[in-house]
Amino acid sequence: MRIVVIGGSGLIGSKLVPKLREHGHEAIAASPNSGVNTVTGEGLNEALKGASVVVDVSNAPSWEDAAVMKFFETSTRNLLASEAAARVGHHVALSVVGTDRMLESGYFRAKMAQETLIKASSIPYSIIHATQFFEFVKGIADFSTDGNKVHLPSALIQPIAADDVASAVGQIAMGSPLNSTVEIGGPEQFGLDELVRQGLAAWKDPREVVADPNARYYGVKLSEKTLVPGDGARLGQTRFETWLSQPATQSPSAHPQPTGAAVVTQEKETPKKAS
Ligand SMILES: NC(=O)c1ccc[n+]([C@@H]2O[C@H](COP(=O)([O-])OP(=O)(O)OC[C@H]3O[C@@H](n4cnc5c(N)ncnc54)[C@H](OP(=O)(O)O)[C@@H]3O)[C@@H](O)[C@H]2O)c1
């Protein structure tokens, strides 16, 4: 099959394309770097000619509320219209476990809008909800930092290696459309504060992680299970500790944050009035 991977140069896309090729498919990495822009439409119709499947693992360059909404709405509309014209038979999109529980955040409202457009279109689809990637743990620390302290709640998180995400997305892309949403996650649960503490220790990052029940995760007040998948989730094999010990993970700044990602995460208590 010809499978076009939108965002094929990104973290997941660059792992997914070779996996699809290993299975004998013609996998095309498409993104602005290779002349395909889903926001402007540049190069899109040409890239989709003869494609059976389109996998969307793109991400917005800015996570500022209005910019991220514009990105996912415009990009998804353009993609679905080009897919209909090219008679693509399967649209696969990567989204986030708990998206519908985190609509306080502009990023998750934009992911929700993406999913709503996909479900309303005529193209058979599979939506994959993944938990946070191991590669994102440093990003969580960065947007939760105040001075030298990282404030995070101890809500549960079940992170997954990007390599395991790419394998699961590949399996689903090579199969029949599910016309529903499936969840994928990692093999273990952590407290969010503990996960980041372990990551920073391994990277010899001096920041101190403070367990703070009032701290927000990317602007969202988490309950214990907001970030964790349900019972039927497909689980990756790679453990966080194993991943941390791999040489390639020793420079996590290699995967920088988009602009607009900095968020003040601490919910300040209202100061008591002096009587
Ligand atoms: N981070 C997490 O923990 C997590 C968890 C669950 C799900 N997800 C989802 O996973 C998806 C992929 O994330 P990622 O970290 O792999 O992304 P990433 O590494 O930031 O890569 C983003 C990709 O999007 C492409 N892109 C940007 N603007 C584009 C445009 N106008 N047209 C076409 N392509 C464009 C980029 O292309 P260029 O390189 O050419 O600019 C790049 O290939 C996201 O949708 C995210 O919501 C993430």
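Data block above holds the structure.
Everything numeric here is computed off the predicted structure, so don't read it as measured data. Note that residues are indexed from 1 along each chain, following the sequence as it is written. Per-residue local features are limited, in this predicted model, to residues with pLDDT of at least 70; the limit for side-chain atom pairs, both in listing and counting, is 80 or more; totals at the level of whole chains, interfaces and linings are taken over all residues. Hydrogens are left out, water is left out, and the side-chain values use all remaining heavy atoms of the structure.

**Concerning the pairing of strand β3 (residues 53–56)**
At step 1: With burial as the criterion, each face of β3 is covered, one bearing Val53 and Val55 and the other bearing Val54 and Asp56.
At step 2: Any two strands between which DSSP finds at least two bridges are classified as paired. Strands here mean DSSP runs of E at least two residues long; helices mean DSSP runs of H or I at least four residues long; both are numbered from the N terminus. Sheet analysis places strand β1 (residues 2–6) next to β3, joined by 4 bridges and oriented parallel. Following the sheet pairing, Val5 is matched in β3 by Val55.
At step 3: Judged from the 4 bridges that link them, β3 and strand β4 (residues 90–96) form a sheet pairing that is parallel. Bridging across to β4, Val54 finds its partner in His91.
At step 4: Think of it like this: strands point away, you trace from the first strand over the helix to the second, and a clockwise trace means the crossover is right-handed. For the segment spanning β3, helix α3 (residues 65–85) and β4, crossover handedness is right-handed. Any residue under 20% of the maximum accessible area for its type is buried, any over 50% is exposed, and the rest in between are partly exposed; the area is computed with a 1.4 Å probe on protein chains only.

**A closer look at the site of the ligand**
At step 1: The near set for a molecule or strand comprises every residue that places at least one heavy atom within 4 Å of it. The immediate surroundings of the ligand are formed by 27 residues, with Ser9, Leu11, Ser31, Ser58 and Tyr107 found nearest.
At step 2: Here a polar contact is taken to be a pair of N or O atoms separated by no more than 3.5 Å, where protein atoms must pair a possible hydrogen donor with a possible acceptor and residues adjacent in sequence count only if both atoms sit in side chains. In this structure, Ser9 approaches the ligand through a side-chain N or O atom, which is 2.6 Å from an oxygen atom.
At step 3: Within the backbone of Ser58, one N or O atom sits 2.8 Å away from an oxygen atom of the ligand.
At step 4: What sets the accessible areas is the Shrake-Rupley method with a 1.4 Å probe; for residues, cover comes only from the shown protein chains. Against a free-state accessible area of 940 Å², the protein chains account for coverage of 86% of the ligand.

**Regarding the layout of surface pockets**
At step 1: Lining residues are defined by having an atom within 4 Å of a point belonging to a cavity or pocket. Those points lie on a 1 Å grid over the protein atoms alone, cavities being sets where a 1.4 Å probe fits but cannot get out and pockets being open sets with protein on both sides within 12 Å along at least five of seven lines. Grid points are joined across faces, edges and corners, and a volume is the space filled by probe spheres set on the points. There is about 1000 Å³ of room inside the largest pocket.
At step 2: Taken together, 40 residues make up the lining of the largest pocket; nearest its centre are Val57, Ser58, Asn59, Ala60 and Trp63.
At step 3: Those elements giving two or more residues to the lining of the largest pocket turn out to be α3, β4 and α4 (106–120).
At step 4: Looking at the lining of the largest pocket residue by residue, the class counts come to 25 nonpolar, 14 polar and 1 charged. Here the term charged refers only to Asp, Glu, Lys and Arg, the term nonpolar to Ala, Val, Leu, Ile, Met, Phe, Trp, Tyr, Cys and Pro, and the term polar to all other amino acids, Gly among them.

**Overview of helix α1 (residues 13–22)**
An α-helix turns once per 3.6 residues; consequently, residues spaced three or four apart project the same way.
At step 1: Those residues of α1 that fall on the buried side of the exposure criterion are Gly13, Leu16, Val17, Lys19 and Leu20.
At step 2: One or two residues past the end of α1 sits Gly24, with phi positive at roughly 90 degrees.

**Side note on the environment of Met1**
At step 1: In this structure, Met1 sits in the segment before β1.
At step 2: Here Met1 falls in the partly exposed class, since its relative accessible area comes to 40%.
At step 3: In this structure, the C-alpha to C-alpha distance between Met1 and Phe240, residues 239 residues apart in sequence, is 34 Å.
At step 4: In what follows, a contact means two residues having at least one pair of non-hydrogen atoms within 4.5 Å. In this structure Met1 touches His25, Glu26, Ser52, Val53, Ala173 and Met174, once residues within four positions along its chain are discounted.

**Overview of the sheet that holds strand β11 (residues 208–211)**
At step 1: Sheet architecture is open: 3 strands sit in the order β6-β7-β11, paired in mixed fashion. Unpaired on one side and paired on the other, β6 (145–146) and β11 mark the two borders of the sheet.
At step 2: One ladder, built from 4 bridges, connects strand β7 (residues 149–152) with β11; its direction is parallel. Across the sheet, the residue bridging to Val150 is Val209, located in β11.
At step 3: This element, helix α7 (residues 192–202), spans β7 and β11 of the sheet and lies at about 170 degrees to β11. Axis lines are fitted through C-alpha atoms, for helices just across the contact stretch, and the angle between N-to-C directions can take any value from 0 to 180 degrees.

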